[in-house]
Amino acid sequence: MNLLKEAKQVIKHNIRDYGMYIALFVIMITFSILTDGLFMSSRNISNLLDSAGYIAVLAVGVMLVIVIRHIDLSIGFLAGFLGAISAILLLNGIPVYIVFPIVLILGIVAGSITGFLVAKVGIPAFVATLAGWLIYRGAILSVTERSGTINVDNDVFNAIGNGYIPSIMEIGGLHLLSLLVGLVGILLYIYSAISNRRNKMKYNFEVVSKQMFILQIAFVSTIIAYFTWLLAGYNGISWTVVIILLVVIVYHFVTTKTVIGRHIYAVGSNPEAAHLSGINVSKITFLVFGSMGMLSALSGILFTARLQAATTTAGTLFELDAIAAAFVGGVSAAGGVGKVTGAVIGAIVMATLTNGMNLMGVGIAPQYMIRGGVLALAVIFDVMTRRQKA
Amino acid sequence: MSDYILEMNQISKEFTGVKALSNVNFKVQRGEIHCLVGENGAGKSTLMKVLSGVYPFGNYDGDIVFNGEVQKFNKIPDSVDVGIAIIYQELALFPDLAVYENIFINNEIQKGGILDWNEAIVQSKDLLEKVKLKVNPETLIKELGVGKQQLIEIAKALSKEVKLLILDEPTAALNEDDSENLLNLLRALKEQGITSIMISHKLKEVIAIADKATVLRDGETMCTLDASKGEITEAAIIKNMVGRDIGNIYPKRSNKEFGEKILELINWSAYDSTLGRNVAKDVNIHVNRGEIIGLAGLMGAGRTELAQSIFGNAKNYKLQGDLFVEGMIAYYKHTSDAIKAGIAYVTEDRKGNGLFLLQDIKQNISAGNLKGISSNGIVNENEEIKVAEEYRASLGIKTPSILQMAGNLSGGNQQKVSLGKWLFVSPKLLILDEPTRGIDVGAKFEIYSVMNELIDKGMSIIMISSELGEILGMSDRVYVMAEGEIKGEMSAEEASQEKIMQLATQ
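Parameters at a glance
Residues numbered from 1 in each chain as written. Chains lettered and ligands numbered in written order. Predicted model: local features only at pLDDT ≥ 70, side-chain atom pairs only at ≥ 80, totals over all residues. Pairing = 2+ DSSP bridges. Helix = DSSP H or I, 4+ residues; strand = E, 2+ residues; numbered from the N terminus. Axes fitted to C-alpha atoms, helices over the stretch in contact; angles between N-to-C directions. Contact = placed C-beta atoms within 7 Å. UniProt positions renumbered as here; feature names shortened; annotations may be inferred. Nonpolar A, V, L, I, M, F, W, Y, C, P; charged D, E, K, R; others polar.

**Overview of the sheet that holds strand 23 (residues 477-482) of chain B**
Strands pair in a sheet through their backbones, by hydrogen bonds, and they do so in one of two ways: parallel or antiparallel. Residue and element names in this part refer to chain B. Pairing within the open sheet is mixed, and its six strands lie in the order 18-21-22-15-23-24. Unpaired on one side and paired on the other, strand 18 (343-346) and strand 24 (485-491) mark the two borders of the sheet. Strand-to-strand twist in this sheet, taken as the mean axis angle between neighbours without regard to direction, amounts to 20°. Here helix 9 (residues 303-310) sits on the sheet in contact with strand 15 (292-297), strand 18, strand 21 (429-433), strand 22 (460-464) and strand 23, set at roughly 145° to strand 22. Packed on one face of the sheet, helix 17 (residues 497-504) meets strand 15, strand 23 and strand 24 and runs near 30° to strand 23.

In structure tokens, the structure reads:
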């Protein structure tokens, strides 16, 4: 069985990249068995992805912050604060399509302030963002103090956290547009995989055998198809999932295909060498913190829309969940290594654990411990595989 | 009469398929100074790591006999326990701790579990006297120069009753005076019965101090030369090291015609505000098109600082004076400005600030000029691969693929990747900071050849080097620097090792 041997080789060589997916797969199967299939129901998966949304976008941002060897602790309460701001703006009758850009821009401004402190003033990011953590926590209290929880009754806004893309028509009880989106996704994946392989062959780089390649494509396509089918069986793809996908696509493109992306990884992998290569390190630092601020704003909008309200405690511990997700997703604390897809999968792994254990009725105390264990395991795995490579 | 303190018999060590050592025999007599020489990658450091227990017993083949007993070191402390001490090139001192704290680190003097610092200070004074160093034991390490720090390391070894002292290129970072001082100390320790093994690239030193010299080449013992028989000569060592004549180390260049001034510095000074002093002072130099300028001097003379002040003021010095590039006055705020103007700077410390070790070869090569392979901010990866393959071929980078991580390459190949990165920005002036440090002779020759090719294409080069042979062999004109100042200028014909050394040590 040559194919089997090759499959083993491929997995062995890419164990760091695949490890996370394998782990997610195992966790999902385990929960399906333990909950008699309840976990893998359309409704639950849809719910799970929506609940992962606001952490996933934060995880993408903080992954980049960690890649350039910094940290951002302020993002949780910044998200909460900006969520409250959007609720207040809506309450004052400002149209929802103006609220979105305003809040996102506020996020960029807040992130740039952190960026300024870190890049220009030279304050360690840990301290600068710890100050931000306190300040935004105070800010969220001060805007919600008098009113307490602020309810949001704008349908467009709330749809972001609870709504689904329109169906056009139902086919056999399935959501048509969602199926189409899934189909397009599969086609795009196959196209990019084939062109990528062709390119590699053109330059005589090592590629997997044809059978193996077809097997890979079939495998990934099946998974996309399965999840699309699952989602289509409930209410279809939610707006939250659309936003996660957009963030992933944009950030994946920027980090892998653009000059800015290259510069970010260069700064993370060796700041001094980057400076001596003509890369403007402080500009990159600004940019990454600015993007972090924007994603915090997005996270705040997602969370507020999901609750349909801004609360006094919104954002509590988001930053640590996001950082945990980024590490589960394979970002390296030493800088220079990390993937957008990894961060999102990391967030989904953590959300899956919470969701699955809730379904099983596991108490909150063991839940924390188990999630902590998984985080530690993920990082141990990461360190071990890296050592093996070196 | 063969009282060997150390016998390493038939030592072999393999790194996943690569033989680093094969059947090496290495014998050291009690009370001698034994030098271990060989090109980079010849296996000297590996051999010493086997000896000190970095590679535990069973990880290598062969026997280590120390003081007549077969030793099976499982970890470094095992070798320390029997009296072997290694002092690495990168010193293992704590800059913010005092001298006496460093000497007794992990060997603290205690009374009932409580540290007795007074006793440590008293003992430190004795040890410092032994290494002939006159400093207060309470001085912080960071206040001492490299030469003195080296002596502290030796004092630290002496505090553990060392029988065999191993020094890995101890003088690489030292100036002539400090080096001489260190060699004298080794002689004095020999009188006291301490055996030393010294790894060195400086053959003059080896000739001056060694009782025996063992030459390694490609992981094998070539020979052991004996000073008492008059065998230790430069010619004999080099012949065994490289198996090649010394004559053709520096490739000849036919074209010696120079063009207009490409760079000129007038009364150029750079003030480092963290150090609180001028790292370059009243520098007046110029570089013509098609010229290789040798910038000679000792470590700490300010050559790297001068280069970085020209290269977009990379270290944010306060600058004074004028910089002219191609006849136009230039003011650079950032390294990218200098790169745009056609100046490239290949750093001395490849691993520290030259390469992105975790990134592959093609990403390293494109890092200085991503604009050149991108449109609208999007990197064209095909173009990148083409460029990387081009430089791999033209520079002879030995690697299975350009997707190899830079950190996995040998020193010579890493240096070629650095060169490729800077050639890709197509500079007019290339500043090379110690371009061949830590690189074996073969790769050196290749790098010199590349330099000559670049000159033929109309580029100019400033080569900072501490190797006088290299300065003399490659330069058209030489500036000598010391204490941040240019102490002298001479043409290739006028220059000699003695003249340069005299100016450099002024």
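Alright, that's what it looks like, and here's the rest.
**Here's the deal with the UniProt feature "domain: ABC transporter" (unreviewed entry) in chain B**
The feature "domain: ABC transporter" (unreviewed entry), as given by UniProt, occupies residues 6-243 and 263-503 of chain B in the numbering adopted here. Helix makes up 34% of residues 263-503 of chain B and strand 29%, with an end-to-end C-alpha separation of 23 Å.

**Points about the environment of V281 of chain A**
Residue and element names in this part refer to chain A. Mapped onto the elements, V281 comes out in helix 13 (residues 281-307). Put simply, V281 and F227 are 54 residues apart on the chain and 41 Å apart in space, counted from C-alpha to C-alpha. Residue contacts for V281: discarding those within four places in its chain leaves V267, P271, A274 and H275.

**Focus on the sheet that holds strand 12 (residues 220-226) of chain B**
Residue and element names in this part refer to chain B. In space, the six strands of this open sheet follow the order 6-9-10-3-11-12, with mixed pairing throughout. What marks the edges here is a single partner per strand, and that holds for strand 6 (84-87) and strand 12. Strand-to-strand, the axes of this sheet are offset by a mean angle of 20°, without reference to chain direction. Strand direction decides the pairing type here: strand 3 (residues 33-37) and strand 11 (residues 212-217), joined by four bridges, are parallel. Each residue of the ladder has a partner; that of C35, found in strand 11, is A213.

**Brief notes about the interface of chain A and chain B**
Contacts between the two partners involve 20 residues from chain A, matched on the other side by 25 residues from chain B. Elements supplying a minimum of two residues to the side of chain A that touches chain B: helix 11 (259-269) and helix 12 (271-276) of chain A. Partitioned by chemical class, the residues of the side of chain A that touches chain B number eight nonpolar, nine polar and three charged.

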